[in-house]
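Fold and geometry: a report
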Amino acid sequence: MDQYDGEENYMPQEDDWDRDMLLDPAWEKQQRKTFTAWCNSHLRKAGTQIENIEEDFRDGLKLMLLLEVISGERLAKPERGKMRVHKISNVNKALDFIASKGVKLVSIGAEEIVDGNAKMTLGMIWTIILRFAIQDISVEETSAKEGLLLWCQRKTAPYKNVNIQNFHISWKDGLGFCALIHRHRPELIDYGKLRKDDPMTNLNTAFDVAEKYLDIPKMLDAEDIVGTARPDEKAIMTYVSSFYHAFSGAQKAETAANRICKVLAVNQENEQLMEDYEKLASDLLEWIRRTIPWLENRMPENTMQAMQQKLEDFRDYRRLHKPPKVQEKCQLEINFNTLQTKLRLSNRPAFMPSEGKMVSDINNAWGNLEGAEKGYEEWLLNEIRRLERLDHLAEKFRQKAAIHEAWTGGKEEMLQQRDYESSSLSEIKALLKKHEAFESDLTAHQDRVEQIAAIAQELNELDYYDSPSVNARCQRICDQWDSLGNLTQKRSEALQRTEKLLETIDQLYLEFAKRAAPFNNWMEGAMEDLQDTFIVHTIEEIQGLSMAHEQFKATLPEADKERQAILGIHNEIAKIVQTYHVNIAGSNPYTTINPQEVNAKWDKVRHLVPQRDQALIEEHARQQNNERLRRQFANQANVIGPWIQTKMEEIGRISIEMHGTLEDQLTHLRQYEKSIINYKPKIDQLEGDHQLIQEALIFDNKHTNYTMEHIRVGWEQLLTTIARTINEIENQILTRDAKGITQEQLNEFRASFNHFDRDHSGSLGAEEFKACLISLGFDIGNDAQKRTGIMEAEDFKTCLISMGYNLGENEFSRIMSIVDPNRMGLVTFQAFIDFMSRETADTDTADQVMASFKVLAGDKNYILADELRRELPPDQAEYCIARMAPYSGPDAVPGALDYMSFSTALYGESDL
């Protein structure tokens, strides 16, 4: 690489192909792993490591730490900031340090390292490796790379199939690494089993052994070396340099150590024996010094358990603690004799132990220990027998006292309970039964109390060590027994007194319940009646309600007396409770009604009475007003209703009777219409009265049979009838003038129609038709007829025959299609007039129209559009052109129109 060109001061310049291949991916991968492992082998001494070589050195902190570890020197204080300027400052400090060691850094700047430039970072690490791991290697006046290569050649020379000529392909089979390890540590590798044709096994074996036993980290991967035609030289050199540093001084150190061991071995052994004797003698004498006072202690224990523990401790001493000390004493004598013998054989002066640590001193101390041991054992056995007698009596006291205390536990609290103050009568009786049982049990325990007192007295006479506690416990039991007797008597008296009071209260409760229940029902019923919503429609009904309310108010004084009596019962109960301080548990067991509820309901009743009075007064006034409204409406409706009916009948007579000309009839009808319209204010006034009735919610009126709906319908029918009748007269005038019919002919048509329309309905029915036939000479039975103003089909046919028409069925059907196009089976007078006008007047026909078109067409069976536009007004010509169908006869020409079908369609004889 270019950055290493200036390093000739400690290493020859590398080959150009070596620099060019630096960026080869396989080489770069090898360098990354090797350099990372080399760096971590030093960084772990400082308790850290790197994962990514170009990332972890970017802030310069670990780079400075690495240089401090491998150089043993302190660098300038690093910047701890996270900004780029801080990182560049740290890297510059590291690069300055490297330069201070005589290394020329070419093209390697702090910015590249901070930016994570992999090429520059790897180059920088290689520079550090060369300076601190390879440059100082010196073998037979050769140094650095050549010195390291010569060292490898010398060490591997005796091994077959190993020929180290460089730091790349010479190491691919792995035998070179194995030979270096075997040369220095033959016990680590069985070199005879390695094969040159198995480089993977060889490499992995060397790497694993070096990492495990030589503390050389695994810097290479066997796969990378075998799979690369030319392994990376820098990675191999870095790894091999670790072997050099691990083995270079091993032989010198071994020789020096052997020489020192020979000189010091004897003195160290003798001094150790002396120290062991002194320590063993001191420990043994100290143990004897601590143990003898423990064995001479004759302070008796107060309990059998404590003395048994002393005996157990003594047995542990005999079984566990003393045997090792006996062995130590024996070993001490053996070590003393052996030491004196070795000193004598090595012409050294005899060993003289410290004062008081001679073997004789130790034997004297041991004799004193065994004497104290014997006396201590005899004292323990005698003391245990004495305590055993007292413990039996004390245990008997404790058992009886515990049984008694367990029985009395909670009894005082139970007797002091005032549960009877909040109990019911039945619960008080149960408490009395329970208390009687307790009194019997209390008497039965009298003997146990006397026995406890007797045992306590005996323990006092025998001078028991714990007599004060026994006496105190006995006194507490006796005091408690006296207290239980007093409390039992007081509770019995309180229960009996409470029972009598509750029996009295119970009787009062029962009386209260018997009288309060019906009174409460009466008040609830009264409240319900007073709040009941009444609906009345007449004055008589409201008067009946008022009378019943007055009768109810008359019962209130007597009801108030009953209320006072019921409350008096409750007050008597309260007086008893207050006088004798009885706590009543719960409420009245015979009822849920309480005085507060009675008073509240009574107050509610008293409050509702005037409200009911006011409501009845207001309702009475409302009913009087309603009656006035009924009469006011009835007076007008009874006049307007008959007036409408009379007018309807008069209009009917005008339309049927034939007095004067049609113009006279029309004038008369219009005068009638004006008089009807002038009557409208009376209808409006009636509507106003009706609205008042509706707002008052009045639904019936005994003063009239007419409702507003009847009046409205009648009025609307009256207006419709007069308008329709006027329209019929106007149509008759139009028909007469258009068809040239005389007044006499119209009168004749009306007379004939009216003759058969006997019910004046404006139409003819079946029976009327029969009557018409009879008038024409047919022998047909005749029944009573009604005039409706409309003729049915058969009636009309009979009417035509009576007027001289000779009708067959087909002809009659044609006429019916004209007068009854909706096929209702009825013939009105207007339709009858239209038909008769057509038959008697000079009217156009379809044939006449066709003949006229034929003239315009020049006797052709068709007509052209130009001919129509020439002969007819424009709008009429376009009307015909738009509606005439194309002519399709044999003599048709383009644009021919069929005027024949058009003419028949005009008169309804075909579709237009």
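Residues numbered from 1 in each chain as written. Predicted model: local features only at pLDDT ≥ 70, side-chain atom pairs only at ≥ 80, totals over all residues. Heavy atoms only, no water.

1. Comments concerning the overall build of the protein chain
- When its secondary structure is counted, the protein chain shows 34 helices and 7 strands.
- Considering the protein chain as a whole, with its 912 residues, one finds that 41% of them fall into the buried category.
- For the protein chain, long-range pairs separated by at least 24 residues make up 72% of all intrachain contacts whose partners lie at least 6 apart in sequence.
- Looking at the protein chain as shown, the accessible area adds up to about 50200 Å², and 50% of this sits on carbon and sulfur atoms. (Helix = DSSP H or I, 4+ residues; strand = E, 2+ residues; numbered from the N terminus. Buried < 20%, exposed > 50% of the residue type's maximum accessible area, 1.4 Å probe, protein only. Contact = heavy atoms within 4.5 Å. Areas by Shrake-Rupley, 256 points an atom, 1.4 Å probe, with all protein chains shown as cover.)

2. As for the side chain of T156
- Within the fold, T156 resides in helix α8 (residues 144-156).
- We classify T156 as buried; its relative accessible area is 2%.
- Polar side-chain contacts of T156 include one of 2.7 Å to the backbone oxygen of C152. (Polar contact = N/O pair within 3.5 Å; in protein donor to acceptor, adjacent residues only side chain to side chain.)

3. Let's talk about the packing of aromatic side chains
- Applying the stated criterion to the full structure yields 32 aromatic pairs.
- These aromatic residues form a ring-pair network of at least three members: F167, W171, F177, F207, Y239, F243 and F247.
- The ring of F132 is capped by R131, whose NZ or CZ atom sits 5.1 Å from the centre of that ring.
- Between the NZ or CZ atom of K411 and the centre of the ring of W407, over which it lies, the distance is 5.0 Å. (Phe/Tyr/Trp six-rings, centres within 6.5 Å; stacked < 30°, edge-to-face > 60°. Lys NZ or Arg CZ within 6 Å of the ring centre and 35° of its normal.)

4. Things to note about the packing of helix α15 (residues 359-408) against helix α18 (residues 446-461)
- Close contact between α15 and α18 brings their axes to 10 Å; oriented N to C, the two are set at 150°. With respect to their mutual orientation, α15 and α18 come out roughly antiparallel. The chirality of how α15 crosses α18 is left-handed. Within the contact between the two elements, α15 uses L390, L393, A394, K396, F397, K400, A401, I403 and H404 and α18 uses R448, V449, Q451, I452, I455, A456, E458 and L459.
- Counted by class, the contact of α15 with α18 contains 11 nonpolar, 2 polar and 4 charged residues. (Axes fitted to C-alpha atoms, helices over the stretch in contact; angles between N-to-C directions. Parallel < 35°, antiparallel > 145°, perpendicular 65-115°, else oblique. Left-handed = near helix turned anticlockwise from the far one by under 90°. Nonpolar A, V, L, I, M, F, W, Y, C, P; charged D, E, K, R; others polar.)

5. So, the side chain of D224
- With respect to the helices, strands and loops of the structure, D224 is situated in helix α11 (residues 222-226).
- Look past the residues within four positions of D224 in its chain and what remains in contact with it is K29 and Q30.

6. Considerations on the environment of K155
- Tracing the sequence through the fold places K155 in helix α8.
- Exposure remark for K155: the relative accessible area of 21% places this residue in the partly exposed category.
- Along the backbone, K155 and I181 are 26 residues apart, and their C-alpha atoms lie at a distance of 9.6 Å.
- Among all residues touching K155, those that are not within four sequence positions of it are L180, R183 and H184.

7. A look at the nonpolar core
- With 78 residues, the main nonpolar core has I128, F177 and F243 as its most contacted residues.
- Judged by nonpolar contacts, the second largest core, of 34 residues, contains L425, F512, M523 and W602. (Core = buried A, V, L, I, M, F, W, Y, C linked by side-chain atoms within 4.5 Å.)

8. Description of the pattern of salt bridges
- Throughout the structure, instances matching the rule amount to 47 salt bridges.
- In this structure, the salt-bridge partner of D866 is R869, at a minimum N-O distance of 3.7 Å. Of the two residues, D866 and R869 are both situated in helix α32 (residues 865-871); the distance of 3 residues between them amounts to about one turn of the helix.
- Look at D866 and you get exposed, because its relative accessible area is 56%.
- For R869, a relative accessible area of 42% translates into the label partly exposed.
- Between E878 and R869 there is a salt bridge, with its nearest N and O atoms 2.9 Å apart.
- What you see here is one network of salt bridges that share partners, running through R318, K322, E370, E373 and E377. (Salt bridge = Lys/Arg side-chain N within 4 Å of Asp/Glu carboxyl O.)

9. Let's talk about the confidence of the model for the protein chain
- Here the protein chain shows a mean pLDDT of 80. Residues at 70 or above account for 84%.
- Within the protein chain, helix α1 (residues 16-20) has the poorest average pLDDT of any element, 38, and helix α10 (residues 199-213) the best, 93.
- Contacts for the low-pLDDT stretch residues 1-22, under 50 throughout, to residues beyond four places or in other chains number 49 contacts.
- Within the model, the stretch residues 254-259 combines pLDDT values under 50 with 0 contacts to residues more than four positions away or in other chains. (pLDDT = per-residue confidence, 0-100.)

10. Here's the deal with the packing of helix α9 (residues 175-184) against helix α12 (residues 233-247)
- As a packed pair, α9 and α12 sit with axes 11 Å apart at the nearest point and diverge in direction by 5°. Taken together, the axes of α9 and α12 are roughly parallel relative to one another. On α12, the residues that touch F177, L180, I181 and H184 of α9 are I236, Y239, V240, F243 and F247.
- Along the lines of polarity and charge, the residues of the contact of α9 with α12 split into 8 nonpolar, 1 polar and no charged.

11. Examining unusual backbone geometry
- Residue N161 is not a glycine yet carries a positive backbone phi of 60°.
- Its relative accessible area of 48% is what places N161 among the partly exposed residues.
- The phi angle at D215 is positive, at roughly 60°, despite the residue not being glycine.
- Take D215: it is sitting in the loop between α10 and α11.

12. Things to note about the environment of R630
- With respect to the element layout, R630 can be found in helix α22 (residues 595-656).
- With a relative accessible area of 6%, R630 lands in the buried category.
- Through-space distance from the C-alpha of R630 to that of H703 is 7.1 Å; in sequence the pair is 73 residues apart.
- If we skip the residues at most four places from it in the chain, R630 touches H537, I698, D700, N701 and H703.

13. Observations concerning helix α20 (residues 539-554)
- The end-to-end C-alpha distance of α20, which contains 16 residues, comes to 23 Å, matching closely the 22 Å that a straight helix rising 1.5 Å per residue would cover.
- Listing the buried residues of α20 in full gives I542, H549 and F552. An end-on view of α20 places all buried positions within 75° of arc, on one side of the element. Among the exposed residues of α20, those pointing more than 90 degrees away from its buried face are E540, M547, Q551 and A554. (Expected span 1.5 Å × (residues − 1). Arc of directions from axis to C-beta.)

14. Some points on the environment of C152
- Its location among the elements puts C152 in helix α8.
- Residue C152 is classed as buried on the basis of its relative accessible area of 0%.
- For the pair C152 and F177, spaced 25 residues apart in sequence, the C-alpha separation works out to 9.4 Å.
- Dropping the residues within four chain positions of it, C152 is found in contact with I164, F167, W171, L180 and V240.

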